[in-house]
Amino acid sequence: MSMFDIKGKTALITGGNRGLGKAISLAFADAGANIVVVSQSGRAEEVVEAAMKKGVRAVSIQYDLSDTSHMKELVDKVNKEAGHIDILVNNAGVQRRAPSVEFSEEDWDLVQAVNTKSVFFLCQAFGKAMLERKQGKIINLASLLSFQGGFTVPAYAASKGAVAQFTKSLANEWASQGVNVNAVAPGYIATDMNEALINDQTRSRQILERIPAGRWGQPEDIAGAVLYLATPAANYVHGEVIVVDGGWMGR
Ligand SMILES: NC(=O)c1ccc[n+]([C@@H]2O[C@H](COP(=O)([O-])OP(=O)(O)OC[C@H]3O[C@@H](n4cnc5c(N)ncnc54)[C@H](OP(=O)(O)O)[C@@H]3O)[C@@H](O)[C@H]2O)c1
């Protein structure tokens, strides 16, 4: 068996319908994995259709991750549709921008709920089943703001710092039981989430100037690292936060 073989495995990708999640979903489908896409809108037709054309099973489930009170229903639905989950990719996320003196409690709560609380409880729900089977891979989407503070994004920085930290906490508890928990920290990737930065000519130029690769990242630039962490090649990788940023952090 190839070190990179995930054929026939089933991967759940939150926010797998667009942006980074779409590239990740299609990379898994290309590798022969079945996919379950969870999104707030439930609008994942394009990804589901493209994945099925590649010969794998693909399912779309609508769920609002800002509300964890019905998470058991989500988990039951996923298990009913997909059997069990071998690979969990916690990719869904939100950004809210405002100067810290004006940052609203509503935005703070939303960012923590989607980016942190739902991620932890999805890890717990699907991790529990993985522990019973003594195998599984969990990959959380962290950020450069797991390490840096950013500007006008205090809730997001706090949420991604938390993701990096509890990724390590879970890895410490689960590494000896066949479950790998890791994270990927993308640099600046051109998606809807960064529309405000891309449209701000000064910020966009300043960001570009610091990226040694000389370009913003594309969603496909992130999919490879996520895919790697889902394969047997990463069996001995635990609690790691892999930065994929065109060189930004080395500068
Ligand atoms: N883009 C970057 O430069 C960058 C850098 C570092 C880290 N990241 C992280 O990478 C991940 C993906 O980012 P992206 O740029 O691809 O984001 P994006 O293009 O804005 O897409 C966000 C995704 O999350 C889903 N989502 C948002 N709120 C949700 C909720 N309440 N319930 C369920 N799903 C929800 C969206 O679903 P709908 O389509 O249904 O709304 C969508 O699929 C995020 O965790 C982000 O923080 C991104």
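Heads up: these notes are all about the structure in this document. This one's a predicted model, so the numbers in the text were calculated from it and none came from an experiment. (Residues numbered from 1 in each chain as written. Predicted model: local features only at pLDDT ≥ 70, side-chain atom pairs only at ≥ 80, totals over all residues. Heavy atoms only, no water.)

So, the overall build of the protein chain
A tally of regular secondary structure across the protein chain gives eight helices and seven strands. The C-alpha atoms of the protein chain give a radius of gyration of 17 Å, which matches the 18 Å a tight globule of 251 residues would have. The principal-axis extents of the C-alpha atoms in the protein chain amount to approximately 50 × 40 × 40 Å. Here the protein chain, with 251 residues, has 50% of them falling under the buried criterion. Summarising the internal contacts of the protein chain: among those between residues at least 6 apart in sequence, 71% fall at separations of at least 24. Within the protein chain, one finds 25 positive and 26 negative side-chain charges whose respective centroids are separated by 5 Å. (Helix = DSSP H or I, 4+ residues; strand = E, 2+ residues; numbered from the N terminus. Rg over C-alpha atoms; globule rule 2.2 N^0.38 Å. Buried < 20%, exposed > 50% of the residue type's maximum accessible area, 1.4 Å probe, protein only. Contact = heavy atoms within 4.5 Å. Lys, Arg positive; Asp, Glu negative; His and termini not counted. Charge placed at Lys NZ, Arg CZ, Asp CG, Glu CD.)

Structural notes on the packing of helix 1 (residues 19-30) against helix 8 (residues 219-230)
Two elements in contact, helix 1 and helix 8, have axes separated by 8 Å at closest approach and are oriented at 50 degrees. One way to sum up the angle between helix 1 and helix 8 is to call them oblique. Here helix 1 and helix 8 pass one another in a crossing that is right-handed. Residues G19, L20, A23, I24, A27 and F28 of helix 1 form the contact with helix 8, whose own contacting residues are P219, E220, I222, A223, V226, L227 and A230. Residue classes in the contact of helix 1 with helix 8 are distributed as 11 nonpolar, one polar and one charged. (Axes fitted to C-alpha atoms, helices over the stretch in contact; angles between N-to-C directions. Parallel < 35°, antiparallel > 145°, perpendicular 65-115°, else oblique. Left-handed = near helix turned anticlockwise from the far one by under 90°. Nonpolar A, V, L, I, M, F, W, Y, C, P; charged D, E, K, R; others polar.)

Digging into the sheet that holds strand 5 (residues 136-141)
Taking strand neighbours across the sheet as the criterion, the seven strands line up as 3-2-1-4-5-6-7 in an open arrangement whose pairing is parallel. Looking at the sheet topology across the chains shown, the edges are occupied by strand 3 (58-62) and strand 7 (241-244). Across this sheet, the average inter-strand angle for adjacent strands is 15 degrees, counted without regard to direction. By the bridge criterion, four bridges tie strand 6 (residues 179-186) to strand 7 in an arrangement that is parallel. Bridged to V184 within strand 7 is I242. Each of strand 1 (10-14), strand 2 (34-39) and strand 3 touches helix 3 (residues 71-82); the most contacted strand, strand 3, lies at about 165 degrees to it. (Pairing = 2+ DSSP bridges.)

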